[in-house]
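Below are the chains, spelled out letter by letter.
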Amino acid sequence: MRIAMLGFGSVGRGIAEAVSEKDLGLSITAVADSRSGIIDADGIDIRDVLERKRTTGLCGTPGITAEDVIESGVYDVLVEVTPTNADSAEPALGYITCALTAGRHVVTSNKGPVALRYDALMQLAVSRNVQLRYEATVCGAIPLIQALEIGLAGNTITALNGVFNGTCNYILTRMTDEGLSYSQALLEARELGYAEADPTYDVKGIDAAIKLVILANSIWGLNVSLDDVDITGIDGLTTDALALAEDLDCTIRLIGEIIPEKRILKVSPRVLSKDHSLVVRDTLNAVTVETDMAGEITLIGRGAGSRETASAIIADILFIRDCYVERT
Amino acid sequence: MKLEMKDKPGQLIAALKPISDLGGNIMAIIHQRDPSAAPGDTIDVQIMLDLPGSTLEPLVETLTAQGVNVVRIGEERLLIRRSVILIGHIMHTDLTDTVDRIDSSGLAEVAELGMVMPAINEPSSAKITLKSSSQEEIGRAIDLLRRVAREKDLLVIEPLEEYP
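These figures come from a predicted structure and were not determined experimentally.

K.L.:
Give a detailed account of the packing of helix α3 (residues 95–103) of chain B against helix α4 (residues 135–151) of chain B, specifying residues and quantitative values.
P.N.:
Residues and elements named next belong to chain B. For the pair α3 and α4, interaxial distance at closest approach is 10 Å and the crossing angle is 155°. Classed by the angle they form, the pair α3 and α4 counts as roughly antiparallel. Crossing of α3 over α4 shows right-handed handedness. Across from Thr98, Arg101 and Ile102 in α3, the residues of α4 making contact are Ala141, Leu144, Leu145, Val148 and Glu151.

What follows is the structure, given as structure tokens:
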């Protein structure tokens, strides 16, 4: 099956490496980054592209754009892995809309379009008889969407709680373990590359809230936006507060919570018993879903990273191939 | 609580079993048999017990259904506790008032308060434990604390789940 990729940053490179190393039956026929592109209907030599990106910072020829890639039509699935824009979702929203309109499947790791335009994009996909999949937008490598939609099909999901942001979880782990102050722990997270230069989205709970919006709209059809989430971040936390929690044999984690029946969507630091299954360490993510038939299920795994996100993207691509492409 | 039941074999056991079924703990049983009582008369039994939150009503219903008359329910002690953590200028936003507003609500009482003040002008952190007689009331007391905290610009960190 042929795939075209928009975005060739850490996630894009992770996908390209996996496709070239593993025998997945996938052929990359087009790639565009923000400044260049390459299109070859017979399949691109991915090792060349990775090497060129590493040495020149460009994946292909300057002047070939994302729009050119979309219009080339030499692909079955468009893999959209450009950076998230949580305000307008552009330019990713435009790319995804074009590809779906042209009757191509789309797999994305981009939270913006899915959080802001879920209903419209899904309607478009259905009308063109193609798939839009977005496993990588929530909890990186954890197959959460797949578990909720397919593994737990037929269950009523009554509640969902989880650690959705690895950066915050790392900061809280370090504040607890080493008694670091919030700003010291944040600085350390930045040095290790776990936090962005502008950590606002992570530490203020916005990133976690966007993931709740995606789940609320896609799993329960609640039709909510970021404004509907009650958000408190971890930037006001003190080392003393963590020590006080410790006295109760507890700790503090940034928890995202959805109770669909009460329309509760909330991101806030919460006190949890230290042996609670959501108390995971470092940059891990964890999600517990409560269901009527299956009871409680907890998934724990890596929420970010090049290869980890590639895992979710590739699973979506192969799902589309196995369920929709090869059958037709 | 004081119970009244028929004076016949097996009645006391029948009255005590629902207590353990609901996870309660019987602390004392006082029963003085009246030697002049005739078969078929009723006897009085006083029981002191510790019940998990919100199980008093179902217990009374079960007992009544079994023909045991609940004559009197004694003082209900506050057994449900919940701790939250506060961060902010806790002292300078009138801590006495914060505590008073919980205590005077009739929903819960502040049972414990531990505070750490790192330096002047830096936010303090406190662990505050509320006690109440029911889950419902303690929930409403936490709602009240949340409103007071919002007024005073304090951050409330609540437990994800109720724990003892």
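K.L.:
Account for the sheet that holds strand β3 (residues 36–39) of chain A, with residues named and values stated.
P.N.:
Residues and elements named next belong to chain A. Spatially, seven strands are ordered β4-β3-β2-β1-β5-β6-β7 in an open sheet, and the strand pairing comes out mixed. With one partner strand each, in any of the chains shown, β4 (61–62) and β7 (132–133) form the two edges of the open sheet. The pairing of strand β5 (residues 77–80) with strand β6 (residues 105–108) spans four bridges and is parallel. Within the sheet, the bridge partner assigned to Val79 lies in β6 and is Val107.

K.L.:
Talk me through the sheet that holds strand β2 (residues 25–30) of chain B; I want residue IDs and the actual numbers.
P.N.:
The pairing of strands in a sheet comes from backbone hydrogen bonds and takes either a parallel or an antiparallel form. Residues and elements named next belong to chain B. The strand order across the open sheet formed by four strands is β2-β3-β1-β4, and the pairing between neighbours is antiparallel. The open sheet is flanked by β2 and β4 (69–72), the only strands paired with a single partner. Neighbouring strand axes in the sheet, compared pairwise and without regard to direction, differ in orientation by 35° on average. Sheet topology note: the strand β1 (residues 2–6)/β4 ladder contains three bridges and is antiparallel. The residue of β4 that forms the bridge with Glu4 is Asn69. Against the sheet, helix α1 (residues 11–21) makes contact with β1, β2 and β3 (42–50), and its axis sits at roughly 135° relative to β1, the strand it touches most.

K.L.:
So what about the domain arrangement of chain B? Which residues, and what values?
P.N.:
On domain assignment, one finds that chain B holds domain 1 (2–72) and domain 2 (80–157). Computed from C-alpha coordinates alone, the two centres of domain 1 of chain B and domain 2 of chain B are separated by 39 Å.

K.L.:
Outline the environment of A:Gly112, supporting the account with residue identities and numerical values.
P.N.:
Residue and element names in this part refer to chain A. Topologically, Gly112 is positioned in helix α5 (residues 111–127). The spatial distance from the C-alpha of Gly112 to the C-alpha of Val163 is 20 Å, given a sequence separation of 51 residues. Look past the residues within four positions of Gly112 in its chain and what remains in contact with it is Thr84, Asn85 and Ala89.

K.L.:
I'd like to hear about the interface of chain B and chain A, residue by residue, with values.
P.N.:
Counting residues at the interface gives 17 residues for chain B and 21 residues for chain A. When chain B packs against chain A, close to 1600 Å² is buried across both sides, 69% of that on carbon and sulfur atoms. Taken as a group, B:Ile85, B:Ile157 and B:Leu160 account for 36% of the area that chain B buries against chain A, more than any other trio of residues on that side. The interface formed by chain B and chain A includes zero salt bridges.

K.L.:
Run through the domain arrangement of chain A, naming residues and quoting values.
P.N.:
Residues and elements named next belong to chain A. Its domain assignment divides chain A into domain 1 (2–140 + 307–325) and domain 2 (146–302). Taking the mean C-alpha position of each, domain 1 and domain 2 sit 28 Å from one another. Each partner contributes to the interface: domain 1 provides 16 residues, whereas domain 2 provides 17 residues. For the pairing of domain 1 and domain 2, the buried interface totals around 1500 Å² over both sides, and the portion due to carbon and sulfur atoms is 60%.

Cut-off values and rules
Residues numbered from 1 in each chain as written. Chains lettered and ligands numbered in written order. Predicted model: local features only at pLDDT ≥ 70, side-chain atom pairs only at ≥ 80, totals over all residues. Heavy atoms only, no water. Axes fitted to C-alpha atoms, helices over the stretch in contact; angles between N-to-C directions. Helix = DSSP H or I, 4+ residues; strand = E, 2+ residues; numbered from the N terminus. Parallel < 35°, antiparallel > 145°, perpendicular 65-115°, else oblique. Left-handed = near helix turned anticlockwise from the far one by under 90°. Contact = heavy atoms within 4.5 Å. Pairing = 2+ DSSP bridges. Domains from an automatic or database assignment. Buried area = accessible area lost by both parts, 1.4 Å probe. Salt bridge = Lys/Arg side-chain N within 4 Å of Asp/Glu carboxyl O.

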